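Overview (structure and organization)
Spelled out from the first residue to the last, the chains are:
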Amino acid sequence: MTSSSTVPVVALNNGVEIPQVGLGVFQVPEDQTQQVVEAGLECGYRHIDTAAAYYNEAGVGAAIRASGLPREELFVTTKLRNADQGRDKARTAFERSREQLGLEVLDLYLIHWPMPGKDLYVETWEVFQELQAEGAVRAIGVSNFLPEHLNRLLADTDVVPAVNQIELHPTFQQPATVEATKSAGIAVEAYSPLGQGKDLNADAVSRAAGAHAVTPAQVVLRWQLQNGTIVIPKSTHRERLTANLDLFGFELTEAEMSAITALDSAERIGGNPAAMEWSQAR
Ligand code: A2P
């Protein structure tokens with residue numbers, strides 16, 4: 001079994017360290033979340049990524065308590081639901097997430113979507129800055145922010161986000177957003193790092209998997225890691241959870257990296273941040 005100590009950490013722009021591989025629980029049903037996260041913690045994951053809008057934070061919290069792991073060994077991210085942007089709602093929503101997770105201090109809190117049509121993300125970010133200054137959260141960041149949204153935050157607020165979590169996988173790499181994120185000193189975190197499974201059959205991926213005697217998922221995750229990206233693959237299967245952490249016994253060649261990078265297309269799986277105005281309330 002891969003031990004957590006083999007997963008490298010990435011130092012964020014405020015010095016906080018995040019394990020480069022985490023377990024994502026998007027689309028994990030509420031009633032399975034505790035079990036999946038417990039399995040993940042047993043396999044060696046020490047970084048868990050959830051969101052208020054996944055409606056499974058309580059399961060993450062229950063798994064953490066059941067694991068008995070020391071709090072300081074874990075890195076827990078959650079995200080503000082779209083309907084909760086704005087000064088008053090954001091603070092209440094943060095308290096609710098903290099309560100659901102059963103954690104006094106969160107490691108990373110993200111604005112889930114910019115929702116430019118609502119024009120509340122600057123005001124929301126001011127609340128995030130306060131939460132960080134109060135010590136309620138160790139690092140603050142954003143998700144799904146395009147260059148124009150990042151530029152607006154950089155111009156109008158004081159704290160540079162630590163992370164931009166975006167859809168990023170071989171067939172959807174959004175190079176302009178990655179470039180804008182990195183050049184502002186913000187860490188790039190990939191959601192749907194495996195393209196929700198759909199990028200695993202590409203020839204360039206299968207060829208590299210054959211050459212290194214690893215699985216296509218390990219190739220795609222290794223490509224992400226060699227690009228410096230933080231990844232949060234999701235799986236509900238224990239053997240895949242283990243395999244998705246076992247990424248440090250091989251290295252892709254430059255040619256293999258380039259062949260996978262050449263798979264880029266304009267086809268996203270998730271929503272378009274420029275247009276997304278979904279409340280995430282249910
Ligand atoms: P499952 O949960 O049944 O294991 P992403 O992280 O890009 O969203 O991808 C998650 C999808 O990829 C899920 O459907 C998951 O299925 C599948 N998946 C995760 N790990 C692997 C793996 N090692 N091999 C094949 N499919 C995987």
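Scroll up to find the structure.
Residues numbered from 1 in each chain as written. Predicted model: local features only at pLDDT ≥ 70, side-chain atom pairs only at ≥ 80, totals over all residues. Heavy atoms only, no water.

Glancing now at helix α6 (residues 175-183). Think of an α-helix as turning once every 3.6 residues; residues three or four places apart then point the same way. Within α6 the residues assigned to the buried category are T177, V178 and T181. The buried residues of α6 occupy an angular sector of 100° when projected down its axis, which confines them to one face. In α6, the exposed positions that point more than 90 degrees away from the buried face belong to P175, A176 and S183. Contact partners of the buried residues in α6: α5 (147-156), β8 (163-167) and β9 (187-191). (Buried < 20%, exposed > 50% of the residue type's maximum accessible area, 1.4 Å probe, protein only. Helix = DSSP H or I, 4+ residues; strand = E, 2+ residues; numbered from the N terminus. Arc of directions from axis to C-beta. Contact = heavy atoms within 4.5 Å.)

Let us look at the side chain of Q224. Relative to the elements of secondary structure, Q224 occurs in helix α8 (residues 216-226). Under the relative-accessibility criterion, Q224 is labelled buried at 1%. Once residues lying within four places of it in the same chain are set aside, the contact partners of Q224 are L168, H169, A190, P193, T229 and V231.

For H169, the location among the structural elements is in the loop between β8 and α6. A distance of 2.7 Å separates a polar atom in the side chain of H169 from a polar atom in the side chain of D199. (Polar contact = N/O pair within 3.5 Å; in protein donor to acceptor, adjacent residues only side chain to side chain.)

Let us now look at the pattern of salt bridges. Counting across every chain of the model gives 15 salt bridges. In this structure, the salt-bridge partner of E30 is R282, at a minimum N-O distance of 3.3 Å. Separated by 252 residues along the polypeptide, E30 in helix α1 (residues 30-43) and R282 in the segment after α10 (254-261) bring together distant segments of the chain. E30 gets classed as partly exposed once you look at its relative accessible area, which sits at 49%. Judged by relative accessible area, which is 70%, R282 ranks as exposed. R46 is the salt-bridge partner of E73, the closest N and O atoms lying 3.9 Å from each other. Of this pair, E73 sits in the loop between α2 (57-67) and β5 (75-80) while R46 is found in the loop between α1 and β4 (47-49), placing the two residues 27 residues apart along the sequence. Residue classification places E73 among the partly exposed residues on the basis of a relative accessible area of 41%. In this structure, a network of salt bridges that share partners links the residues R87, R91, E130 and E134. (Salt bridge = Lys/Arg side-chain N within 4 Å of Asp/Glu carboxyl O.)

Taken across its 6 residues, β5 has 6 buried, putting it largely inside the fold. Two strands pair when backbone bridges link them, and β4 and β5 are joined in this way by 3 bridges, in the parallel orientation. Counterpart to I48 in the pairing with β5 is V76. You can see the chain leave β4, run along α2 and come back into β5, and the turn it takes is right-handed. Taken together, the 4 bridges between β5 and strand β6 (residues 106-111) define a ladder with parallel strand orientation. Residue T77 lies in a different strand from β6, and its bridge partner there is L108. (Pairing = 2+ DSSP bridges. Right-handed = clockwise from strand over helix to strand, strands pointing away.)

Look at N144: it is not a glycine, yet its phi comes out positive at around 65°. Along the polypeptide, N144 turns up in the loop between β7 (137-143) and α5. Even without a glycine there, the phi angle at Q174 is positive, about 30°. As for its position among the elements, Q174 is in the loop between β8 and α6.

Taken together, 15 residues lie around the ligand, and L194, Q196, S235, R240 and N244 are the ones closest in. Between the ligand and the protein, one listed contact pairs an oxygen atom with a side-chain N or O atom of R240 at 2.8 Å. Surface burial for the ligand is 81%, taken as the share of its 570 Å² of free accessible area covered by protein chains. Taken together, the residues of the shell around the ligand break down into 5 nonpolar, 8 polar and 2 charged. (Near = heavy atom within 4 Å. Areas by Shrake-Rupley, 256 points an atom, 1.4 Å probe, with all protein chains shown as cover. Nonpolar A, V, L, I, M, F, W, Y, C, P; charged D, E, K, R; others polar.)

With that out of the way, let us pick up the packing of aromatic side chains. Remark: the centre distance and the inter-plane angle together describe each pair of aromatic rings, the angle taken between the planes. Following the criterion strictly, the structure yields 5 aromatic pairs and no others. With a centroid separation of 5.2 Å and an interplanar angle of 45°, the aromatic rings of F26 and Y54 are classed as tilted. Remark: Y54 occurs in the loop between β4 and α2 and F26 occurs in the loop between β3 (23-24) and α1; sequence separation between them is 28 residues. On the basis of relative accessibility, which here comes to 16%, the residue Y54 falls in the buried class. Geometrically, the ring pair formed by Y121 and F145 is edge-to-face, given 5.2 Å between the ring centres and 75° between the ring planes. Here Y121 is found in helix α4 (residues 121-133), whereas its partner F145 is found in the loop between β7 and α5, with 24 residues between them in sequence. Neither Y121 nor F145 differs from the other in exposure class; each is buried. Of the aromatic side chains, those joined through ring pairs into one cluster are F94, Y109, W125 and F128. Sitting above the plane of the F250 ring, R222 keeps its charged end 5.9 Å from the centroid. A cation over a ring is seen here: R282 above Y55, with NZ or CZ 3.9 Å from the ring centre. (Phe/Tyr/Trp six-rings, centres within 6.5 Å; stacked < 30°, edge-to-face > 60°. Lys NZ or Arg CZ within 6 Å of the ring centre and 35° of its normal.)

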